[in-house]
Amino acid sequence: MNATDLLRSLGIDPAQLDPAPPWAPRAGAERLDGNHPCVRCGEPARATGIVESLGHGRRWLDRCMPCLIATTPRGDGPRAPLADTLTVLREAAREAGVDLTIVTGEA
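The sections below set out a description of the structure shown in this document. (Residues numbered from 1 in each chain as written. Predicted model: local features only at pLDDT ≥ 70, side-chain atom pairs only at ≥ 80, totals over all residues. Heavy atoms only, no water.)

### With respect to the overall build of the protein chain
- For the protein chain, the helix and strand inventory stands at four helices and two strands.
- Helices and strands appear in the protein chain in the N-to-C order α-α-β-β-α-α.
- Looking at the protein chain as a whole, 23% of its 107 residues qualify as buried.
- Looking at the protein chain alone, contacts between residues at least 24 apart form 48% of all its contacts between residues at least 6 apart. (Helix = DSSP H or I, 4+ residues; strand = E, 2+ residues; numbered from the N terminus. Buried < 20%, exposed > 50% of the residue type's maximum accessible area, 1.4 Å probe, protein only. Contact = heavy atoms within 4.5 Å.)

### Digging into the pattern of salt bridges
- The final tally for this structure, using the stated rule, is four salt bridges.
- Asp5 is the salt-bridge partner of Arg8, the closest N and O atoms lying 2.9 Å from each other. Taken together, the residues Arg8 and Asp5, both in helix H1 (residues 3–10) and three residues apart, mark about one turn of the helix.
- The exposure class of Asp5 is partly exposed, given its relative accessible area of 32%.
- We note a salt bridge from Asp62 to Arg31, for which the minimum N-O separation is 2.8 Å. Here Asp62 is found in strand E2 (residues 57–63), whereas its partner Arg31 is found in helix H2 (residues 27–31), with 31 residues between them in sequence.
- Residue Asp62 is classed as buried on the basis of its relative accessible area, which comes to 5%. (Salt bridge = Lys/Arg side-chain N within 4 Å of Asp/Glu carboxyl O.)

### A short note on the state of the cysteines
- In the structure shown here, the tally under the stated rule is zero disulfides.
- The thiol sulfur of Cys38 is not disulfide-bonded, and the nearest other cysteine sulfur, from Cys67, lies at 3.7 Å.
- Unpaired in terms of disulfides, Cys67 finds its nearest cysteine sulfur in Cys64, a separation of 3.5 Å. (Disulfide = S-S within 2.5 Å.)

### So, the nonpolar core
- Counting residues in hydrophobic clusters, the biggest one holds seven residues: Leu6, Leu7, Leu10, Ile12, Leu17, Val51 and Leu61.
- In this structure Leu10 touches Val39, Arg40, Leu61 and Thr71, once residues within four positions along its chain are discounted. (Core = buried A, V, L, I, M, F, W, Y, C linked by side-chain atoms within 4.5 Å.)

### Let's talk about the pairing of E2
- For E2, the buried fraction is high: five of the seven residues fall into the buried class.
- With seven bridges joining them, strand E1 (residues 47–53) and E2 adopt antiparallel strand pairing. Of the residues in E2, the one forming a bridge with Glu52 is Arg58.
- In textbook terms, the turn of a hairpin is the stretch between consecutive antiparallel strands, and for E1 and E2 this stretch comprises three residues, one of which, Gly55, has a positive phi near 90 degrees. (Pairing = 2+ DSSP bridges.)

### Quick word on the side chain of Arg59
- Take Arg59: it is sitting in strand E2.
- Despite its burial, Arg59 pairs with no opposite charge; the closest candidate is Asp18, at 6.6 Å N-O.
- Reaching out from Arg59, the side chain makes a polar contact with the backbone oxygen of Leu17 at a distance of 2.5 Å.
- A polar contact of 3.0 Å, which involves the side chain of Arg59, links it to the backbone oxygen of His56.
- Those residues in contact with Arg59 that sit more than four places away from it in its chain are Pro14, Ala15, Leu17, Asp18, Pro19, Ala20, Gly49, Ile50 and Val51. (Lys, Arg positive; Asp, Glu negative; His and termini not counted. Polar contact = N/O pair within 3.5 Å; in protein donor to acceptor, adjacent residues only side chain to side chain.)

This is the structure:
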């Protein structure tokens, strides 16, 4: 999901977000001082990031942990078939000398 799609899914106008500096190696950690609300629910932000918005430039995207988790794009699942993934797991366990039981929904 790109920044535009993410902001759209959050219902956020990028103009509402604070401008972010061009490079901020420590500013993100310093920003999480409890003074910035989550853009989604208003609770104190515990995670922050920078999004690039066409026409608005770099902007801070502050979220609390529940909203971060709820709005973080997930992959479409394993790229390999489940059988291939299980084979890799079994082989890794064997090499590590670990007893492994894998329970799946498959019969």
